[in-house]
Amino acid sequence: MQRELFNQELLKFLDRGVTPFHATIAMKKVLTTAGFNEIYERDAWKLTRGEKYFVTRNDSSIIAFTYPKKHGGYMMMGAHTDSPTLKLKPNPVIEKNGCIQWGVAPYGGLLMNPWFDRDLSLAGRVSFTNVAGELCEEYIDFKTPIATIASLAIHLDKEANKNRTINAQTDLAPIVTCHSSMDFEALLLSRVDEKNPQRLLSHELSFYDTQKAAVIGLEGEFIASARLDNLLSCYVVTNVLCRADAEDACLMVCSDHEEVGSGSTSGAAGSFLESVLKRLSGDFESYSRLVTDSLLVSCDNAHAVHPNFSDKHDANHAPRINDGVVVKVNANQRYASSSRGISRFVHAAMRVNEPIQEFVTRSDLGCGSTIGPITATRLGVETLDIGLPTFAMHSIRELAGTKDAFSLYNILQELRP
Ligand code: ZN
């Protein structure tokens, strides 16, 4: 596959994955087209060797895998489907000074400033009853800009450029209309496909920026988009797996709730991957051998060194955009990479002539973490944390390079058995 085509499809994927649910739906479509069969956790599994499968949990996490005739370890690739965002509160409607706003709660380590003055839309899951009184569930997306968080004018806050802080409770509620009242339930139900929906039971919705992903820069060096952390990795690993032969032992796991610590039924600290591996292994002996023989490449974005803030990096471990995939190392196991895992990855990169960079957080700064150490701890699988260099991580619009995602794709293809 050519890099331009790869990046064009990436932009579409970034635009489709407005919530973890929608990202999962997008990955399911790609996998289905590539010949993967959907299976369900609630069913009895009768897997056929030589076939390929995927399974979801909470419709927001997905595991896909080949099921080769030859038993043995897997090349596993991990990523996460969620991104920092503003989630709608259960009773969101606030009427104030002729405006209607919807109350929101920040999700994950959100950079709040960039959310102001954007054209926002809303998407997610709604549950309701139908005419027969049955429980229904649908995924909705308003698609058009329906809200904005307007800034306070500088004339009303002379200190705005020096001291403005954001109170997540009082400053962030998006304005949706200037009508004097609204029927929130009727509005949500008007968006579902079901004819005559009756009562809204629950919703799980979040706002997103309607500005589309784009290639920018004087020579098209950058990809600017929402949710690059971590749909960029979801896209790469899905493509690597889709090109795998059914006889290549290859698996991907894209989990929800990484941004809040992965502790949930569908998160990496939950039982999803372990349960799938045990079921496809058959017995404990085979499961234990499979885990020991496998390597998990945990893919999440890495901080590129920012020209305005270069002192935030250790000078010897300061990755640059478009200079290649970043191997992440932390002495205190905030990243799971060991020299053994790293060497396998670097060796594969060497074979396909792709560059590698290394990242270590400054010793006087705290280090973030990812699904790598969590999965390594839970399963005992050899794990490596790597990622693509980005600016503005956790902003509403992040920035990555047009070369790096394809470079990771090439290395993972080579690493595949
Ligand atoms: Zn991430």
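Computed from a predicted model, the values in this text were never measured in an experiment.

**Comments concerning the coordination of the zinc ion**
Part 1 of the reasoning: Note on the zinc ion: its protein donors are His80 (NE2), Asp229 (OD), Asp300 (OD) and Asp300 (OD). The metal-donor distances range over 1.9 to 2.6 Å.
Part 2 of the reasoning: What the four donor atoms of the zinc ion show is an angle range of 53 to 138 degrees at the metal, which sorts the shape as irregular.
Part 3 of the reasoning: Between the donor residues of the zinc ion, the gaps in sequence give the motif H-x148-D-x70-D. Taken together, the positions of His80 in strand S4 (residues 75-80) and Asp300 in the loop between strand S14 (295-299) and strand S15 (302-303) put the pair 220 residues apart, joining distant regions of the chain.
Part 4 of the reasoning: Exposure remark for Asp300: the relative accessible area of 5% places this residue in the buried category.

**Structural notes on the sheet that holds strand S2 (residues 51-57)**
Part 1 of the reasoning: The nine strands lie next to each other as S1-S2-S3-S13-S4-S14-S18-S16-S17, forming an open sheet whose pairing is mixed. A strand with exactly one partner marks an edge of an open sheet, and here the two such strands are strand S1 (37-38) and strand S17 (356-359).
Part 2 of the reasoning: Strand direction decides the pairing type here: strand S16 (residues 325-328) and S17, joined by four bridges, are parallel. Across the sheet, the residue bridging to Lys328 is Phe359, located in S17.
Part 3 of the reasoning: Against the sheet, helix H10 (residues 404-415) contacts S4, S14, S16, S17 and strand S18 (382-387), and its axis sits at roughly 175 degrees relative to S14.

**Quick word on the sheet that holds strand S7 (residues 120-129)**
Part 1 of the reasoning: In spatial order, the strands read S8-S7-S10-S5-S6-S9; together these six strands make up an open sheet with antiparallel pairing. Where the open sheet ends on each side, the last strands, each with one partner, are strand S8 (135-141) and strand S9 (175-177). The sheet shows a mean angle of 30 degrees between the axes of neighbouring strands, direction not considered.
Part 2 of the reasoning: Where strand S6 (residues 99-107) and S9 come together, two bridges link them in antiparallel fashion. Within S9, the residue paired with Ile100 across the bridge is Thr177.
Part 3 of the reasoning: Packed onto the sheet, helix H2 (residues 20-33) meets S7, S8 and strand S10 (200-209) and runs at close to 90 degrees relative to S8.

**Concerning a positive patch on the surface**
Part 1 of the reasoning: Among the surface-exposed residues, Arg16, Lys29, Lys143 and Lys212 lie close enough to one another that they form a single positively charged patch.
Part 2 of the reasoning: For Lys212, a relative accessible area of 54% puts it in the exposed group.

**Some details on unusual backbone geometry**
Excluding glycine, residues mostly have negative phi values, and the peptide bonds linking residues are mostly trans.
Part 1 of the reasoning: Between Asp229 and the following residue, Asn230, the backbone shows a cis peptide bond with an omega angle of 15 degrees.
Part 2 of the reasoning: With respect to the helices, strands and loops of the structure, Asn230 is situated in helix H5 (residues 228-242).
Part 3 of the reasoning: Although it is not a glycine, Asp59 adopts a positive phi angle of roughly 55 degrees.
Part 4 of the reasoning: The residue Asp59 is located in the loop between S2 and strand S3 (61-67) in this model.
Part 5 of the reasoning: Its identity as a non-glycine residue notwithstanding, Asn97 has a phi of 50 degrees, on the positive side.
Part 6 of the reasoning: Turning to its location among the elements, Asn97 is positioned in the loop between strand S5 (85-96) and S6.
Part 7 of the reasoning: A residue is classified by how much of its surface remains accessible, and Asn97, at 78% relative accessible area, is exposed.

What counts, and at which threshold
Residues numbered from 1 in each chain as written. Predicted model: local features only at pLDDT ≥ 70, side-chain atom pairs only at ≥ 80, totals over all residues. Heavy atoms only, no water. Donors = N, O, S within 2.8 Å, 3.2 Å for Na, K, Ca; no water. Tetrahedral: all angles 85-135°; square planar, octahedral: opposite > 155°, others 65-115°. Helix = DSSP H or I, 4+ residues; strand = E, 2+ residues; numbered from the N terminus. Buried < 20%, exposed > 50% of the residue type's maximum accessible area, 1.4 Å probe, protein only. Pairing = 2+ DSSP bridges. Contact = heavy atoms within 4.5 Å. Axes fitted to C-alpha atoms, helices over the stretch in contact; angles between N-to-C directions. Patch = residues over 30% accessible without salt bridge, like charges linked within 9 Å, V, L, I, M, F, W, Y side chains within 5 Å. Areas by Shrake-Rupley, 256 points an atom, 1.4 Å probe, with all protein chains shown as cover. Salt bridge = Lys/Arg side-chain N within 4 Å of Asp/Glu carboxyl O. Lys, Arg positive; Asp, Glu negative; His and termini not counted. Charge placed at Lys NZ, Arg CZ, Asp CG, Glu CD.

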